[in-house]
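The primary structure of each chain is shown beneath.
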Amino acid sequence: MSNPTGSSYLSANQNYVWADGDVYEIQQTDAIEYAAPGASFGGLGVENQPHQMLLNKVQYVYRRMLADEANINNLLAKLNALTSAVNLNPPPPPSPNLYGPTPLPTRTNGWLKAATVDSSLGQIQIIWQWGTISLLPWAEEYPPSQPEEPPLPPAMQFSFPIPFPHACWMIKPYWQTSDTTDYLGWANGSQQNVLNLAVVTPLQPQNNQITYSLSEASGQEALIASIEFGTRGGLTGIGWIAVGY
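The structure displayed is predicted, hence computed values, not measured ones.

K.L.:
Whenever I open this one, the overall build of the protein chain confuses me. Can you help?
P.N.:
Assigned secondary structure in the protein chain consists of 2 helices and 8 strands. In the protein chain, buried positions account for 33% of the 245 residues. When contacts within the protein chain are restricted to residue pairs at least 6 apart in sequence, those whose partners lie at least 24 apart make up 67%. Summed over all atoms, the accessible surface of the protein chain reaches about 14,800 Å², with 57% contributed by carbon and sulfur.

Right, here's the structure in full:
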């Protein structure tokens, strides 16, 4: 409330540095002294010095409270800038599974977004995405029987969980196998160094392709595993991870 009897007000010292014991206790024997030129405590007088110090301390705490709130809001904004969706189901395979109940992978896809201020692009969201292209619809049954597995396409087309709004920078593919005795699942003892993967360029914000050296012409389709292989495993999928914004 306003001073009911006067018109002069104390102003907090914005340069005040916290110090313990700087609030003066007025003793019974102290002289009554108010603000005046030449009075104690830089002209404040004995009566006003404690009020000034308390005002300084309150203002000191208040300034730091505002700074703390700003820092907390910045941290919350950064936390809110991280969003994700994991354990997503991949899109259905482009070819039917001819062998009935062979289980297909589920909850293998996901994405993560992180906001950042890029030195060239400004405020952007970097997006990481990952997933699996199942090879099980093309599994080689064992022992061989009809119907034969569908022909392998020359490249596997796949979709991201979400399209990149601007560009896809990188896609890294890798083989997945269930064979723990022969890690690439070779059934015929052929050389293993021909199983290569490549991403078809240019990279698209959605609907990309991964091609490979695996082919039916060389009999390599027997590398693809299914439950019909019994105890033997094989290639089960093509995993991939992508980065863009």
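K.L.:
Sorry if this is basic, but what is going on with unusual backbone geometry here?
P.N.:
The bulk of non-glycine residues show a negative phi, and the bulk of peptide bonds are trans. The linkage connecting Thr201 with the following residue, Pro202, adopts the cis geometry, with an omega of 0°. Take Pro202: it is sitting in the loop between β6 (197-199) and β7 (208-212). Phi at Phe41 takes a positive value of approximately 55°, unusual for a residue other than glycine.

K.L.:
In this structure, what is going on with a nonpolar patch on the surface? I would like to understand it.
P.N.:
Taken together, the side chains of Tyr62, Met65 and Leu66 define a hydrophobic patch exposed on the protein surface, amounting to about 270 Å² of accessible area. With respect to the element layout, Tyr62 can be found in helix α2 (residues 49-80). Its relative accessible area of 41% is what places Tyr62 among the partly exposed residues.

K.L.:
How do you make sense of the pattern of salt bridges when you look at a structure like this?
P.N.:
A side chain of one charge can pair with a side chain of the opposite charge if their charged atoms are brought near each other. Summed over the entire model, instances satisfying the criterion amount to 1 salt bridge. In this structure, Lys57 and Asp22 form a salt bridge, with 3.1 Å as the shortest nitrogen-oxygen distance. Of the two residues, Lys57 is situated in helix α2 and Asp22 in the segment before α1 (40-43); the sequence distance between them amounts to 35 residues. This pair shows no difference in class: Lys57 is buried, exactly as Asp22 is.

K.L.:
How should the side chain of Asn56 be read in this particular structure?
P.N.:
When you line up the elements, Asn56 lands in helix α2. By relative accessible area, Asn56 is classed as buried at 2%. For Asn56, the side chain forms a polar contact with the main-chain nitrogen of Asn13, separated by 2.8 Å. Not counting residues up to four positions away in its chain, the partners in contact with Asn56 are Ser11, Ala12, Asn13 and Tyr16.

K.L.:
Where do I start with the sheet that holds β6 in this structure?
P.N.:
Adjacent strands of a sheet form backbone hydrogen bonds with each other and so pair up, either parallel or antiparallel. The 3 strands are arranged β4-β7-β6 in an open sheet whose pairing can be described as antiparallel. Whereas interior strands pair on both sides, the edge strands pair on one side only; in this sheet they are β4 (155-158) and β6. Taken pair by pair, the neighbouring strands of this sheet meet at an average axis angle of 25°, ignoring direction.

K.L.:
Sorry, what's going on with the environment of Asn13 here?
P.N.:
Counting through the fold element by element, Asn13 comes out in the segment before α1. Residue classification places Asn13 among the partly exposed residues on the basis of a relative accessible area of 36%. As for Asn13 and Gln59, which are separated by 46 residues in sequence, their C-alpha atoms are 8.1 Å apart. When neighbours within four sequence positions are excluded, Asn13 is seen to be in contact with Gln52, Asn56 and Arg63.

K.L.:
Looking at this model, I keep getting lost on the sheet that holds strand β5 (residues 168-177). Mind explaining?
P.N.:
Ordered by their spatial adjacency, 5 strands build an open sheet running β1-β2-β3-β8-β5, and the pairing between neighbours is antiparallel. Only two strands of the sheet have a single partner each, and these edge strands are β1 (82-88) and β5. For this sheet, the mean angle separating the axes of adjacent strands, direction not counted, is 15°. Bridging between strand β2 (residues 109-118) and strand β3 (residues 122-134) involves 9 bridges; their strand directions are antiparallel. Bridge assignment links Gly110 to a residue of β3, and that residue is Trp130.

Cut-offs used in this document
- Residues numbered from 1 in each chain as written.
- Predicted model: local features only at pLDDT ≥ 70, side-chain atom pairs only at ≥ 80, totals over all residues.
- Heavy atoms only, no water.
- Helix = DSSP H or I, 4+ residues; strand = E, 2+ residues; numbered from the N terminus.
- Buried < 20%, exposed > 50% of the residue type's maximum accessible area, 1.4 Å probe, protein only.
- Contact = heavy atoms within 4.5 Å.
- Areas by Shrake-Rupley, 256 points an atom, 1.4 Å probe, with all protein chains shown as cover.
- Patch = residues over 30% accessible without salt bridge, like charges linked within 9 Å, V, L, I, M, F, W, Y side chains within 5 Å.
- Salt bridge = Lys/Arg side-chain N within 4 Å of Asp/Glu carboxyl O.
- Polar contact = N/O pair within 3.5 Å; in protein donor to acceptor, adjacent residues only side chain to side chain.
- Pairing = 2+ DSSP bridges.
- Axes fitted to C-alpha atoms, helices over the stretch in contact; angles between N-to-C directions.

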